[in-house]
Amino acid sequence: MLSLLASCRRPPQVDAPDRLDALAIDVPAPEDAPDAAALEDLPEPPLPPMDAAAEAPPGRSTLDLPLRDSWAAVNTWNDRMEGEYSAFVARLGAAIAQRRCRRLDRCLGDPSANTLFDASSDRRLSLTVDCADLPYILRAYFAFKRRLPFGYVARVRGYGDDPRYMLRVRPSRWRAWTDFRTARAALRAMVDDVHSGMYRVSPDVPGGDLYPPRIDRDAVRPGTAYYDPNGHVLVVIEVRPDGTVYLIDGHPDGSLTYKRFGEAFAIGTRSLGGGFQNFRPLRWDGEHLTRAGNDEIPGFDGDSQWSPAAWQPAVPDPDAGARARVGYHQWVRHRLASAGAVVDPVLDLREQVASLCRDVADRAEAVDASLAAGIQRQPHPAALPWNIYGTTGDWETWSTPSRDARLKAAVRELHDAVAASASDPALLERMRAAWREEIARPGCETRYVNSAGATVTLPLETVLDRLFSLSFDPYHCVELRWGAPPGSAELSTCTDDPIRRGWYRAEQRLRNQIDRNYGVATPLTAGPEAAPDVDPRRPLGLRP
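What counts, and where the lines are drawn
The numbering scheme is per chain: residues are counted from 1 as the chain's sequence reads. Thresholds applied to this predicted model are a pLDDT of at least 70 for local features of residues and 80 or more for the giving and counting of side-chain atom pairs; totals over whole chains, interfaces and linings are not thresholded and use all residues. Remark: hydrogens and water are excluded; side-chain values derive from all non-hydrogen atoms of the structure. Only strands joined by at least two bridges in the DSSP assignment are considered to pair. A run of H or I in DSSP counts as a helix once it spans at least four residues, and a run of E counts as a strand once it spans at least two, with each numbered from the N terminus. The contact definition used throughout considers only heavy atoms, calling two residues in contact when any of these lie within 4.5 Å. Only C-alpha atoms enter the line fits that serve as axes; for helices the fit covers just the stretch in contact. Angles between N-to-C directions range over 0 to 180 degrees. Any Lys or Arg side-chain nitrogen found within 4 Å of a carboxyl oxygen on Asp or Glu counts as a salt bridge. Angle categories: roughly parallel below 35 degrees, roughly antiparallel above 145, roughly perpendicular from 65 to 115, and oblique for all the rest. In a left-handed crossing the near helix is turned counterclockwise from the far helix by less than a right angle, and in a right-handed crossing that turn is clockwise. For this classification, Asp, Glu, Lys and Arg are treated as charged, while Ala, Val, Leu, Ile, Met, Phe, Trp, Tyr, Cys and Pro are nonpolar and the rest, including Gly, are polar. For this analysis, a ring pair means two rings from Phe, Tyr or Trp (six-membered ring only for Trp) whose centres lie within 6.5 Å, classed as stacked if their planes differ by under 30 degrees, edge-to-face if by over 60, and tilted for the remaining angles. Remark: exposure states derive from per-residue accessible area (1.4 Å probe, protein chains only) relative to the maximum for the residue type, with buried under 20%, exposed over 50%, and partly exposed in between. For a Lys NZ or an Arg CZ to count as sitting over a ring, it must be within 6 Å of the ring centre and within 35 degrees of the ring normal. Residue count minus one, scaled by 1.5 Å, sets the expected span of a helix. An arc is given here, and it is the one of the directions from the helix axis to the C-beta atoms. Joining through side-chain atoms within 4.5 Å is the link that ties buried Ala, Val, Leu, Ile, Met, Phe, Trp, Tyr and Cys residues into a set, and such a set is a nonpolar core.

Trainee: Explain the sheet that holds strand E11 (residues 275-279) to me, using residue names and the numbers behind them.
Mentor: Spatial ordering of the open sheet is given by E6-E11-E7-E8-E9-E10, a layout of six strands whose pairing is antiparallel. Two strands in the sheet have a free side with no partner beyond their single neighbour: strand E6 (210-211) and strand E10 (256-260). Where helix H8 (residues 328-336) meets the sheet, its contacts fall on strand E7 (225-228), strand E8 (232-239), strand E9 (245-250), E10 and E11, and the angle it forms with E11 comes to roughly 50 degrees.

Trainee: Can you break down the pattern of salt bridges residue by residue, with the values?
Mentor: For the coordinates displayed, the defined rule picks out 37 salt bridges. The closest approach of N and O atoms between Arg240 and Glu238, which form a salt bridge, is 3.2 Å. For Arg432, the salt bridge identified is with Glu429, shortest N-O distance 2.7 Å. One end of the pair is Arg432 and the other is Glu429, both in helix H12 (residues 425-439) and three residues apart, which spans about a single turn.

Trainee: Explain the packing of helix H5 (residues 133-145) against helix H6 (residues 183-193) to me, using residue names and the numbers behind them.
Mentor: Here H5 crosses H6 at 165 degrees, and the two axes come no closer than 10 Å. As far as their axial angle goes, H6 and H5 are roughly antiparallel. The element H5 and its partner H6 pack so that their crossing is right-handed. The residues of H6 that touch H5, namely those facing Asp133, Tyr136, Ile137, Ala140 and Phe144, are Ala183, Leu187, Met190 and Val191. Classifying every residue of the contact of H5 with H6 gives eight nonpolar, no polar and one charged.

Trainee: Give me the lowdown on the packing of aromatic side chains, citing residues and values where you can.
Mentor: Counting across every chain of the model gives 22 aromatic pairs. Geometrically, the ring pair formed by Phe88 and Tyr141 is stacked, given 5.7 Å between the ring centres and 15 degrees between the ring planes. With a gap of 53 residues between them, Phe88 in helix H2 (residues 79-97) and Tyr141 in helix H5 connect regions that are remote in the sequence. On the basis of relative accessible area, Phe88 is assigned to the buried category, the value being 0%. On the numbers, 6.5 Å between centres and 80 degrees between planes, the contact of Phe261 with Tyr328 is edge-to-face. Residue Phe261 is found in the loop between E10 and E11, and its partner Tyr328 is found in helix H8; the two are separated by 67 residues along the sequence. Taken together, the ring pairs in this structure connect Tyr226, Phe261, Phe265, Phe276, Trp311, Tyr328 and Trp331 into an aromatic cluster. The residue whose ring lies beneath Arg147 is Phe144, and the NZ or CZ to ring-centre distance is 5.7 Å.

Trainee: Mind laying out H12, listing which residues take part and the relevant values?
Mentor: Its 15 residues give H12 an end-to-end C-alpha distance of 21 Å, which sits within 8% of 21 Å, the value for a rise of 1.5 Å per residue. Where H12 is concerned, the buried positions are Leu427, Leu428, Met431, Arg432, Ala434, Trp435, Glu438 and Ile439. Angularly, the buried residues of H12 cover 165 degrees about the axis, an arc narrow enough to put them on a single face. Opposite the buried face of H12, at more than 90 degrees from it, the exposed residues are Pro425 and Ala426. Against helix H9 (345-372), helix H11 (401-419) and helix H13 (460-465) lie the buried residues of H12.

Trainee: A description of the nonpolar core should follow, citing residues and the corresponding values.
Mentor: Trp71, Phe88, Leu104, Tyr136, Tyr152 and Met190 are the most contacted members of the largest nonpolar core, which totals 65 residues. For this core, the element with the highest residue contribution is H5, accounting for nine residues. Sequence-distant contacts of Phe88, defined by excluding residues within four places in its chain, comprise Leu108, Asn114, Thr115, Leu116, Leu138, Tyr141 and Phe142. Ranked by size, the runner-up nonpolar core spans 56 residues in total, among them Leu247, Tyr448, Val456 and Trp482.

Trainee: If you had to explain unusual backbone geometry to someone new, which residues and values would you point to?
Mentor: Glycine aside, the phi torsion of most residues is negative, and most peptide linkages are trans. Phi is positive for Arg99, close to 60 degrees, though the residue is something other than glycine. Among the secondary structure elements, Arg99 is positioned in the loop between H2 and helix H3 (104-108). In this model, Arg168 sits at a positive phi of 50 degrees, which is unusual for a non-glycine residue. Residue placement: Arg168 occurs in strand E5 (residues 167-176). With a relative accessible area of 63%, Arg168 lands in the exposed category.

Here it is, written out as C-alpha cells:
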C-alpha cells in the first residue's frame, strides 16, 4: 500500500518559548532555474483508455510498475485536460461536501467519487495529506492517471528561519516525474519535499509551479488553489452562479473538510503569493520539462488580487457611505457571479449558518480524534509553542487554534452581514425566521462524550455562547475543549488537575484573538483582554 504522511508546516526556529511560570497566576508550572518555454497550439486527440502495458499483474499495483509502463507522457496539458481535471476535483469535492468520505485515500477508493477510479491502484492507496500537499497530490495523481507530464518545485530559498513564512521566496530545485522509478516513489518524494512555503513565490519570480489567475469563472474553477499566507492552502471544488466559492482543505490528522470562502481566509500581499493560484501549464519535449511564463498564459493577472483600487465599482453608490468600499472577498464574489445573478441576503444567511454548523462538526471530529489518541492524559508541556498556529509534533496534529480562529472569523463575517441589513426591518424579519429554521436542523447540534462517559448535546447557539471559551489546547479535558462554564454541572466531570486548569485560564487572551498571525511569537498576552462582540444574534435582534 502507498502510505504517505504529509504536513502543511515545517518546524520553525524558536527563540523564547512562552512559559506558564512567566505569568502571575496561582498555579506554578512544572519544572538552477529552467527557462519557461512557449506554449504551442496542440491538437486534442481523443483520451485513450489505459494502455494494456500499464495494467498491473494480479496482486501488484500500477503504482509500483516502472514509469515507462505506468506513466509515459503520451498526453499533453491543454484546455481539454484542464477541463477534465476540474471535473475530477469537483466530483471528489462533492463527495467530501456530502460527507461520503473524509480522507483523500477513501475518496479516491470510491468509484462514485473518483472519475479516474482503477481498482488495481486505488484500492491499495493509503494517503494522509495536509493542506499544502493536497493541490500537488491531486494534480500529480491526475497526471499519473491521464499519462501527463508532471513536475514540481522541490526546494525554495528565501529570507527567514522558518520555510513556511520566508520572504522573497524563490525556487532553487525542481523535480520531474521521470526522476523516479515508480509513481509511488514520485508521490512519496513530493510529500517529503512540498510545504506551504512553496506557495509564497511572487508571480514575478521565474520557475514557480503556480500563477495568479484572472478572477473570473473561466480561470477560477475546481482545482484552483487558494493560499492564505498565514500558512493554509485550500482547493476550489465549486463556484456557484451567485459567485459563492466552496473549497476543501486538508489537516494534520489526514481529514478533509468542506469550506465556504470568506473572510476566514486572508489574501496577504503580492510578494507573499496569497490568493487564488493555478498550476502553470507544463510542456514535455521528451527530455526537458518546462513551465509556461506569465506572458504565455492568457488568464494570468499579476495585479488585481492585491489592488484595493481594482476591487471598487466603476460607479460607487453615493448613498452607501463607508460601505461603498468593497473588500477583497466581496470583489471576488462579484467577479465570479454569473451574468444576472442576484445575491439573496436570506439565502446567504442560511448558507453561512449551514457552513458554521459544518465547521463545528469538523471541530468535533478533530477533538474526538485527539481524545482517542489520549493526548488529554499526557502531561501538559511546560511551554506553549513559540507560535500556536504553526508548529510541529503533537501540538500541530491535535490542537485546534487555527480551526477555532477560522470559526470565529466566519461568525464575525455573519455578524457583519446581518448588521449591514439592519436598516431594513422587513428583510431583518425574514433573516430572523431563516436563522431559527437553520439552527433547528439536526446538523446544527454537536455531541460529545464527557469524561464520565455521558453524552452532552450542544446546539449551535450554545457553541456561540461559548465561542471564546472553547479550548484549543489538546491537553485539556473534553469539557474545557467545549468551553463548559465555570461551576456548571457540565464542568464537574472534568478531571483536569490544577496545572491544566491554570493553563486554561492563562490561555484566555489567545482564545479572544480572531485573526491568526503566523511566523511571529504568540505569547499568552498576545490577544485582547476582552473577547470581541461578534455574535450575529445581536444585530438580528435575538440578543440584547
